[in-house]
Amino acid sequence: MSTSAKMETRNMSFYYGESKALENISIAFQACRVTSLIGPSGCGKSTFLRTLNRMNDIIAGTRVEGEVLLDGRSIYDADVDVVDIRRRVGMVFQKPNPFPKTIFNDVAYGLRIRGLRNRTELYDRVEASLKAAAIWDEVKDRLNESALGLSGGQQQRVCIARALAVEPEVLLMDEPASALDPIATQKIEELIRALRDRYTIIIVTHNMQQAARISDETAFLYMGKLVEVGKTDMIFTKPSCRRTEDYITGRFG
């Protein structure tokens, strides 16, 4: 594995009780790159994604073997602050999940949790985050309205703004466009391409065309194992493994 990776796993396995969901996964994620995780339903993509910011910790009876490193340090060390890990490694879920708050308070939520109280600074950070999420022009006159009144695509971009507000270094995205219409999906994809200059982005997607459009690298998972990972154009045109080729060409999955 590369020592310059922003984030990586080394021989990482994950268990739900006695059931092994992920087996010996080693993969490096370079800074300011987009990596797509592809594979059939149930292959462990979302489970793997949640190991990267310890979201699986909330599930009783789970455990991790091997290493998950952020800037070379294990995020599972006993003295690691889990709250800080989840700030540094933000997450956007499959379905938009805005809080039942105003748009402003939704995006400002994490900042207030971290102790930011200055109204001017809060406003500046919220505005910058909404601009970064390409939603500012659509909501700048509606900041005191509920985020629940927005369209699905707008809600998802507000959720992305909420994740960006606390200044993460890595952004995990679990099928962020799967619940959206094609126009909203296009906006999310454009946003991901724009964000890649500042963030390390790891995205789960079932959409092969989407993976080909937005990612620098693609990793194929099957039955809890990493089959292969490489530059996206090579994975889609000259994969090393027959199973990868079979999945990409629709022979199974």
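Look above for the structure.
Residues numbered from 1 in each chain as written. Predicted model: local features only at pLDDT ≥ 70, side-chain atom pairs only at ≥ 80, totals over all residues. Heavy atoms only, no water.

**Student:** Explain a nonpolar patch on the surface here, please?
**Tutor:** Side chains of Y16, I58 and I59 sit close together on the surface and give an oily, nonpolar patch of about 270 Å² of accessible area. For I59, the position within the fold is in the loop between α1 (45-51) and β4 (62-70). (Patch = residues over 30% accessible without salt bridge, like charges linked within 9 Å, V, L, I, M, F, W, Y side chains within 5 Å. Areas by Shrake-Rupley, 256 points an atom, 1.4 Å probe, with all protein chains shown as cover. Salt bridge = Lys/Arg side-chain N within 4 Å of Asp/Glu carboxyl O. Helix = DSSP H or I, 4+ residues; strand = E, 2+ residues; numbered from the N terminus.)

**Student:** For this particular structure, what's the right way to read the packing of aromatic side chains?
**Tutor:** Each aromatic ring pair is described using two quantities: the centre-to-centre distance and the angle formed by the ring planes. A complete count under the given rule lists seven aromatic pairs for this structure. With centroids separated by 4.9 Å and ring planes inclined at 65°, the aromatic side chains of F99 and Y109 adopt a geometry described as edge-to-face. One end of the pair, F99, is in the loop between β6 (89-92) and α3 (103-113); the other, Y109, is in helix α3, with ten residues separating them in the sequence. When its relative accessible area of 25% is taken as the criterion, F99 is described as partly exposed. The class of Y109 is partly exposed, set by a relative accessible area of 36%. Ring plane angle 20° and centroid distance 5.1 Å describe the contact between F220 and Y247, whose orientation is recorded as stacked. You can see F220 sitting in strand β9 (residues 217-222) and its partner Y247 sitting in helix α10 (residues 242-248), a full 27 residues away along the chain. These aromatic residues form a ring-pair network of at least three members: F104, Y123 and W136. The ring of Y15 carries R63 above its face, with NZ or CZ at 3.9 Å from the centroid. Above the face of the F104 ring, R119 is positioned so that its terminal group lies 4.5 Å from the ring centre. (Phe/Tyr/Trp six-rings, centres within 6.5 Å; stacked < 30°, edge-to-face > 60°. Buried < 20%, exposed > 50% of the residue type's maximum accessible area, 1.4 Å probe, protein only. Lys NZ or Arg CZ within 6 Å of the ring centre and 35° of its normal.)

**Student:** When you look at helix α4 (residues 119-132) in this model, what are you seeing that I'm missing?
**Tutor:** Relative to the 20 Å expected for 14 residues at 1.5 Å per residue, α4 spans 20 Å between its end C-alpha atoms, a close match to the ideal helical length. At its buried positions, α4 is contacted by α3, α5 (136-139), α6 (152-165) and α7 (182-195). N-capping of α4 is provided by N118, with a side-chain oxygen placed 3.1 Å from the backbone N of T120. Backbone geometry just downstream of α4 places A134 in the positive-phi region, at approximately 55°. (Expected span 1.5 Å × (residues − 1). Contact = heavy atoms within 4.5 Å. Polar contact = N/O pair within 3.5 Å; in protein donor to acceptor, adjacent residues only side chain to side chain.)

**Student:** Teacher, can you tell me more about α3 here?
**Tutor:** Since the α-helix packs 3.6 residues into each turn, any two residues three or four apart lie on the same face. The set of residues buried in α3 consists of I103, F104, D106, V107, A108, G110 and L111. Here the buried face of α3 lies against α4, α5 and α6. In the stretch just after α3, G115 is the one whose phi turns positive, near 100°.

Shape descriptors only; they carry no functional weight alone.
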